[in-house]
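Here is how the chains run, residue by residue.
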Amino acid sequence: MFAFEQPVQKTFDYVLVADKLDDVMDRKYQKQDEFLKELKKKKISIKVSFLTRIEHDGKLFYGLRAPNDIFEDYQYLLKVSDSCNWCHDEKGLTQCVSFSEKLDDLMMEDVFETMFCLHEVTYLSSCFCEECLFITCFSCRCYFGEKVALYYLWLGWYTKLLVPASVLGIVVFLYALAFFNTSPLIDEVCNSNITMCPPCEKRCDIWNLSDTCSYAKVSHLFDNEGTVAFAMFMAIWATLFLELWKRHRAKYVSKWKVFDWCDEEEEMIMKIVNDPDCQLKEFTHSYKRSALVLILVTVMLMVIIGITHFLVVVRVIAAPLMSESKWEFMSEHSKTLAVLLGAVVHYVTIQIMTKVRLTVVVTVVCLFSSEKPNSFAARERSFTIKMFTFQFFTLFSSLFYIAFFLGRINGHPGNYVRLAGYRLEECHPSGCLTDLFIQMAVIMLLKQTINNILEFSVPWVKGFVRKKTAKRLKRNCGRCYRKACRDNRKDIEPCDTCKIRNWLRNYHLGNTDAFSLFNEFLEMVIQFSFTTIFVAAFPLAPLLALINNILEIRLDAIKMVRLERRLIPRKTNDIGVWTKILEAVGVMAVIANGLVIGISSDFIPRLVYRYHYGPCANGSTSSHCMQGYINDTLSIAYMRQGRQDEFVLPRERNLFNVTQCSYRDYRDAEDYSLTPKFWLVLAMRFAFVILFEHVVVLCKFVAAWFVPHSATSVKNKRMKDKLERLKDELK
C-alpha cells in the first residue's frame, strides 16, 4: 500500500519490472500472469511496453494506473474518519493504490524485479531549482509528500539552531587559546624534570614528563573551565531545540491540514479501499516473543562490546610497538599516534559494521515477524529503534570506554591489569580528555567527509556507467516527431517510444523503498548524538556539524531528484519515533556530560587543589593558585634497574639498584594504598555530577514548560478552520 500525489492522465502510478519469460509452463510466468489478472479485477489499467532495442536486457515494463473510483472512495473515507477528516486539501489530494502484500513476496521470489514511482520531469525541474535546494522552501511536499518535507523541515531547523551552538563553541575554544601561553599547568609540564614510569612492560622505558609538552598544551584547549559552562549550555540547547522544533512543526502541519493525521487510520482506509472484504489485523502480544527479541538484541550488543575490546587491544599493542620505531617522530609521539590509530581503526570498524547492516536487517526483519506488528507504522517504529540502538552502540562503545574507563581500571605498579596479556594504558598526567577529543574529531571528520563523498558519488558513477543505454534510447526517441510527446498537455498519452525512454531513465536510477528516508534520519540523529553527548570534550563539534549540514541539505536534494527513483509521497504529521529518540539522546547528553566533567576531566581535582591543597589554600600570594598541581597528582614508585616490569616496595629499595619514577594516581608510596586525597576528590566528583545533573534537568524542565508546543496563532487558526468546516457540513 502506497500513498502519493494525484497523477495526471498522461502518467502512470507505478512501473512494474519483470524478466521476460517465454515458457508458459514456467512457475514464475504463471505467478506473473496470476498477479496481473488480480490487478485487472481491481480495474487497474495495465500498459505493457517493450522495444526490440532493449530486448537484450530481457525485461518487461508494466505501466500501472489506478481507476478514479479508488481515489474517490479514499477521499470519502478520509472525510468520515476520526483523525484524518481535517485533511481536505483540494490542490494536493493524497491517493493510495495497493498492489497486495503478495507483491513483496513475489519480488523476493524473483517473479518481479522491482516496482517504482515515476519522476515527473516537467514539475521536477522547477521544484528542484526553486525549492529543494533551500532550507526554508517546502512546497515541493506536493511532489515528495509531507514525510520528505518534514525531513527537510527538521534538518533545516536543526541546522539553523546549530549556529548559536557553533558560535559559543568557537568562543570557548578561543578562551582556551587566550590563556594558552600563561597557564601554570602547561609550564609545569614543559619545564618539568620528573621521570615517569614506563607506559608499558618490556618494550618501554622511563621517560621525562617534559617530553609531552605538546600533549599538555592540547589538553588545556579542551579541558578548562569554559567547557563546563558550554556543556551546560548544550544540554539546555538540546531541550530548546526539541521544544522549538515541535512548535515549528505545528505551524507547518497545521498549514498542510495534517495536524491530527493518524498513520494507522490512513493505512486502514487504504486497505478498505483496495479490498472491501479485508480483515482487521488485531494487536497481539507475547512475552515469549518479547523475550526472544530481547535475547537477540542483547547478543548483538555483546558482539559490539567484543569489538570494543578489540579496539582497546589495538591501542594497547600499538603504543609499545611505535615506541620502538626507528623513526624519531613516531617513537617520541607513540601514545598520541596510538590514539589516532585507534580512532581510525574504530572508523573502519564502523564502516564494516555498516556494510554488514544488510545481514542485520534480515535479522531485524525476523524480529519483526516474531513481534507481529499490526501496521506498517508500528513496523517502522520497531525497525527504527532496533537499528538506531545497533548503530549507536557501534559508534559510541569505544568513546564510552575512553571517557569513563581509560586510566581508571589499569591498576598500579606491581599489580597492573592486563587484557590479552597486555597492560592497559594509562592517562597522561594532563588528563584523559584529549584522548576522547582525538577519537571524536577523527570519527566525525572521517565519517562526515567520506560518507558525503560516497553517498553522492556512488549513485552518480552508477548512472554514468549506464550512459550508453541512455544515449541510444535518446537517439531512438529523437525519431518521434509527434507534437503531443513534446508539449506539456496532460490529457494526451505519449507514444511507446517516448514512454519507455522515461521509464528506463527512472529504472536506471538508484533504488528507493519505504525505509530510504530512514538512512537520512539515522545519519543526522547520530550526528546530533555526537554534537551533544560528549560535547564537553569537543566544543567544536557543533561547528563541524553545521558545515556538514549545509552541504548535506544540497546533496540530499540532488540525490533525491536526480540520482534516485522517486520516493512514494506519503502524508504524515511528525517525524515519528525519531522525536522520542532525540529526547532520549538529550537526557543521555545531560548524564554523559556530567560524568565527563566530573569523572573524566581534571576540573574537580583542580578545584580541590586550588581551595584545599594549593598555595592559595595556605594563604600564599607569591605564586599562582595552581602552582604544583601536576606534581600533586603524581605518585612515586621504585623500579629495578633494567627490569621495567618489576617494581619493589620502598622498604625493599635498599636490596636492589632501583630507579624512582612517577605515575598518575593518588597512592601511598609505601604500600600503593589509596590516599585520603583520592577519596576526597572522588567524593567531590560524585557530588558535582549529582549537582550538575539536577541543575541541568531542572533547567530542561523549565525550558520545556516555557516553550508551548503550538503557537497561539496556530491553535486559533485550527479552531477557526474546524468551525468553518462544521458550518459547511450543515449547508
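An unreviewed UniProt entry lists the protein chain under the name Anoctamin, from Cyprinodon variegatus. According to the UniProt record, the Sequence similarities (unreviewed entry) comment for the protein chain reads "Belongs to the anoctamin family."

Trainee: Give a detailed account of the overall build of the protein chain, specifying residues and quantitative values.
Mentor: The number of helices and strands found in the protein chain is 26 helices and 15 strands. Looking at the 731 residues of the protein chain, the share that counts as buried comes to 51%. Summarising the internal contacts of the protein chain: among those between residues at least 6 apart in sequence, 79% fall at separations of at least 24. Here the protein chain displays about 35,400 Å² of accessible surface, and carbon together with sulfur accounts for 60% of that area.

Trainee: Describe in detail the pattern of salt bridges, supporting the description with residues and values.
Mentor: Taken as a whole and judged by the stated rule, the model has 16 salt bridges. Across the pair E520 and K559 runs a salt bridge, and its minimum N-O distance is 2.4 Å. Of this pair, E520 sits in helix α20 (residues 516-533) while K559 sits in helix α21 (residues 541-563), and the two are 39 residues apart along the sequence. Among the charged side chains, a network of salt bridges with common partners joins E243, K246 and E583.

Trainee: A description of the side chain of T349 should follow, citing residues and the corresponding values.
Mentor: Relative to the helices and strands, T349 resides in helix α13 (residues 334-355). Polar contacts involving the side chain of T349 include one to the main-chain carbonyl oxygen of V345, which spans 2.8 Å. The residues touching T349, leaving out its near neighbours within four places in the chain, are I307 and L311.

Trainee: Would you mind going over helix α1 (residues 27-41) in detail, with residue names and values included?
Mentor: Counted at 1.5 Å a residue, the expected span for α1 with its 15 residues is 21 Å, and the 21 Å between its end C-alpha atoms agrees. Within the span of α1, buried status applies to Q32, F35, L36 and L39. In an axial view of α1, the angular spread of the buried residues amounts to 95°, which keeps them on one side of the axis. Residues of α1 that are exposed and point over 90 degrees away from its buried face: R27, K40 and K41. Residue D26 occupies the N-cap position of α1, its side-chain oxygen lying 2.8 Å from the main-chain nitrogen of K28.

Trainee: Quick one: what's the story with a nonpolar patch on the surface, residue by residue and with numbers?
Mentor: Among the surface-exposed residues, L698, V702, W705 and F706 lie close enough to one another that they form a single nonpolar patch of about 530 Å² accessible area. For L698, the location among the structural elements is in helix α25 (residues 676-706).

Trainee: Could you give me a rundown of the pairing of strand β2 (residues 14-19), with the residues and numbers involved?
Mentor: Burial analysis of β2 places five of its six residues in the buried class, which makes it a mostly covered element. Relative to strand β4 (residues 59-65), β2 is paired through six bridges, and the arrangement is antiparallel. Paired with V17 across the strands is F61, a residue of β4. Note: β2 against strand β6 (residues 114-116), three bridges, orientation antiparallel. Residue pairing in the sheet places L16 in a bridge with M115 of β6.

Trainee: Any chance you could break down helix α8 (residues 213-222) for me, citing the residues and the numbers?
Mentor: The element α8 is largely enclosed, with a buried count of seven among its ten residues. Inspection of α8 places C213, Y215, A216, S219, H220, L221 and F222 among the buried residues, and these make up the whole buried set.

Trainee: Quick rundown of unusual backbone geometry? Include the residues and the values.
Mentor: Glycine aside, the phi torsion of most residues is negative, and most peptide linkages are trans. Despite not being glycine, D110 has its phi angle at roughly 65°, a positive value. Structurally, D110 can be placed in the loop between α3 (102-108) and β6. In this structure D110 comes out as partly exposed when scored by relative accessible area, which is 48%. One non-glycine residue, K257, lies in the positive phi region at around 65°.

Trainee: Break down the side chain of T394 for me, with residues and values.
Mentor: Within the secondary structure layout, T394 lies in helix α15 (residues 376-404). On the basis of relative accessibility, which here comes to 5%, the residue T394 falls in the buried class. From its side chain, T394 meets the backbone oxygen of F390 in a polar contact 2.8 Å long. The residues touching T394, leaving out its near neighbours within four places in the chain, are I304, H346, I350 and M353.

Rules used throughout
Residues numbered from 1 in each chain as written. Predicted model: local features only at pLDDT ≥ 70, side-chain atom pairs only at ≥ 80, totals over all residues. Heavy atoms only, no water. UniProt positions renumbered as here; feature names shortened; annotations may be inferred. Helix = DSSP H or I, 4+ residues; strand = E, 2+ residues; numbered from the N terminus. Buried < 20%, exposed > 50% of the residue type's maximum accessible area, 1.4 Å probe, protein only. Contact = heavy atoms within 4.5 Å. Areas by Shrake-Rupley, 256 points an atom, 1.4 Å probe, with all protein chains shown as cover. Salt bridge = Lys/Arg side-chain N within 4 Å of Asp/Glu carboxyl O. Polar contact = N/O pair within 3.5 Å; in protein donor to acceptor, adjacent residues only side chain to side chain. Expected span 1.5 Å × (residues − 1). Arc of directions from axis to C-beta. Patch = residues over 30% accessible without salt bridge, like charges linked within 9 Å, V, L, I, M, F, W, Y side chains within 5 Å. Pairing = 2+ DSSP bridges.

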